[in-house]
Amino acid sequence: MYDVIVVGARPAGAATAMLLARRGLRVLAVDRARFPSDTLSTHQIQPSGTERLRRWGLLDRLLAAGTPATERVRFDLGGTVLQGRFPEGVLYSPRRTVLDAILVGAAREAGAEVREGFHVAGLVWDDRGVAGIRGRDGTELRAPVVVGADGKHSLVAKEVAAPVQRNVAPRTVASYAYWEGVEPWKGSEPWKGSEPWKGSEPWKGGEHRAGGEQRHGELYHRPGRAVAAFPTNDGLTMVYAAAPIDKFSTWRTDVEGHLLATLDRCGDLGERVRAGRRVERLRTTVDLPNVVRRAQGPGWFLAGDAGLVMDPVTAQGIGNALADAELLAETIAEGRTDYQRRRDAARLPIFGLTTGLAALRPAKGLNAVLLKAIARREASTEQFLGVFAGTVPVRTFRRSIPRMLVQRARGWAVA
Ligand SMILES: Cc1cc2nc3c(=O)[nH]c(=O)nc-3n(C[C@H](O)[C@H](O)[C@H](O)COP(=O)(O)OP(=O)(O)OC[C@H]3O[C@@H](n4cnc5c(N)ncnc54)[C@H](O)[C@@H]3O)c2cc1C
């Protein structure tokens, strides 16, 4: 008998299992996958997520695997370029083969039992609610709590009929691949990484190693397109491009051609990528739902994509999964009852922002003016980047909008 069974052992599941085991609970995590293994996902971990990894003692393992740090980002929106440093912490972009294996290893070290290659086929019920899992081979395993951390097509969510709170139809087709020999954006050249970043509230004590030669993360939004280029392990550059989902039938006829043509609309990125060499196959998906499900019920919880999944255009999923794991470990170990409320409060604002951005429409009217106002001031740029980094609440950012617009208007008056 276990205290908790976790279905799925990637970011949400392995982190939940690790944190619960560290608190002394008897935990079983199962996954049909074996590790290390890749999964269909790019892998920017926002600074709030990497700060969690640091606090859990896992950041050094990412660094030991040669994962480069990204301290600055250049977000080119066509008419406006926002360029700056994340206000709190550092972004890392480890391959999922690296990250997920580190998390599974840490769960085992903490005392959790992890069964790989275990395919859950259903749940076991008693008169109280969910009471365990049933494997494909008929094995039944029991625990008073089952956590569904089994991704966006969660079997646990289906079996418990978790009510859907929000559902926005998929908006994008996304393709990505890895290139070697991509020169950094030339604006990065004279810039060296700063001293190790020392955290301030609320991440007091944080220290990330981001010294040495640094490369910017590059983001581009063009009408009907979003692009990201980030350095990852083994000296490779991950390049991602998204287009509206209704373009899929044309996009799929020549994915590489469409991807490269998209990069050609992003300054010299196309040229720099073409000068390099693609080292892995292109991956393309339209399986990009935007769904929020109820996350708790009798004997069950949902964490990560199983409970809330959104378009990758804002790269929030891994950070969300790690944050859910932390909330859930507190909830279960301390007998709290407010996981649903805290999960919704933390994630629904960025869910709304993400589904809006996934429409891939250019900013117009007041939004365009606001972006220009943000670009003018370093502090405003950092605050804007902090929303995606997970270190500035959307509400705090919204409250500062009138001030930014006034500063912009004053600038016009003086000009
Ligand atoms: C194209 C793309 C790009 C992305 N880019 C980013 C990005 O840059 N940054 C970011 O933060 N996020 C990104 N994401 C999102 C990110 O991949 C997910 O949010 C993240 O993987 C969620 O973690 P999870 O642990 O909740 O679920 P998953 O990573 O999906 O893990 C679920 C696990 O459950 C297991 N499982 C499922 N069903 C069963 C079963 N019946 N029995 C046993 N095991 C089961 C699976 O084998 C899997 O290992 C991207 C997603 C896509 C599709």
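In case you missed it, the structure is sitting above this.
Rules and cut-offs
Residues numbered from 1 in each chain as written. Predicted model: local features only at pLDDT ≥ 70, side-chain atom pairs only at ≥ 80, totals over all residues. Heavy atoms only, no water. Near = heavy atom within 4 Å. Polar contact = N/O pair within 3.5 Å; in protein donor to acceptor, adjacent residues only side chain to side chain. Areas by Shrake-Rupley, 256 points an atom, 1.4 Å probe, with all protein chains shown as cover. Helix = DSSP H or I, 4+ residues; strand = E, 2+ residues; numbered from the N terminus. Buried < 20%, exposed > 50% of the residue type's maximum accessible area, 1.4 Å probe, protein only. Lys, Arg positive; Asp, Glu negative; His and termini not counted. Salt bridge = Lys/Arg side-chain N within 4 Å of Asp/Glu carboxyl O. Contact = heavy atoms within 4.5 Å. Pairing = 2+ DSSP bridges.

Enquirer: Pulling in residues and values, what's your account of the site of the ligand?
Expert: The full set close to the ligand counts 29 residues, and Asp-31, Ser-41, Thr-42, Asp-305 and Ile-318 are the nearest of them. At a separation of 3.1 Å, a nitrogen atom of the ligand approaches a polar backbone atom of Arg-32. Within the backbone of His-43, an N or O atom sits 3.2 Å from an oxygen atom of the ligand. The fraction of the free accessible surface of the ligand (1,000 Å²) that becomes covered by protein chains is 93%. For the shell around the ligand, the secondary-structure elements that each account for two or more residues are helix 1 (11–22) and helix 9 (317–334).

Enquirer: Pulling in residues and values, what's your account of the side chain of Asp-311?
Expert: Locating Asp-311 in the fold gives a position in the loop between strand 26 (308–309) and helix 9. Although buried, Asp-311 forms no salt bridge, and the nearest oppositely charged side chain, Arg-171, lies 7.7 Å from it. A distance of 2.6 Å separates the side chain of Asp-311 from the side chain of Thr-172, its partner in a polar contact. Within the structure, Asp-311 has its side chain in polar contact with the backbone nitrogen of Val-313 (distance 2.9 Å). Beyond its immediate stretch of four places on either side in the chain, Asp-311 contacts Thr-172, Tyr-240, Leu-288, Pro-289, Asn-290, Thr-354 and Ala-358.

Enquirer: Describe the sheet that holds strand 25 (residues 300–302), and please don't skip the residues or the numbers.
Expert: Reading across the sheet, the six strands line up as 7-2-1-11-25-24 and stay open at both edges, with mixed pairing between neighbours. Where the open sheet ends on each side, the last strands, each with one partner, are strand 7 (113–116) and strand 24 (296–297).

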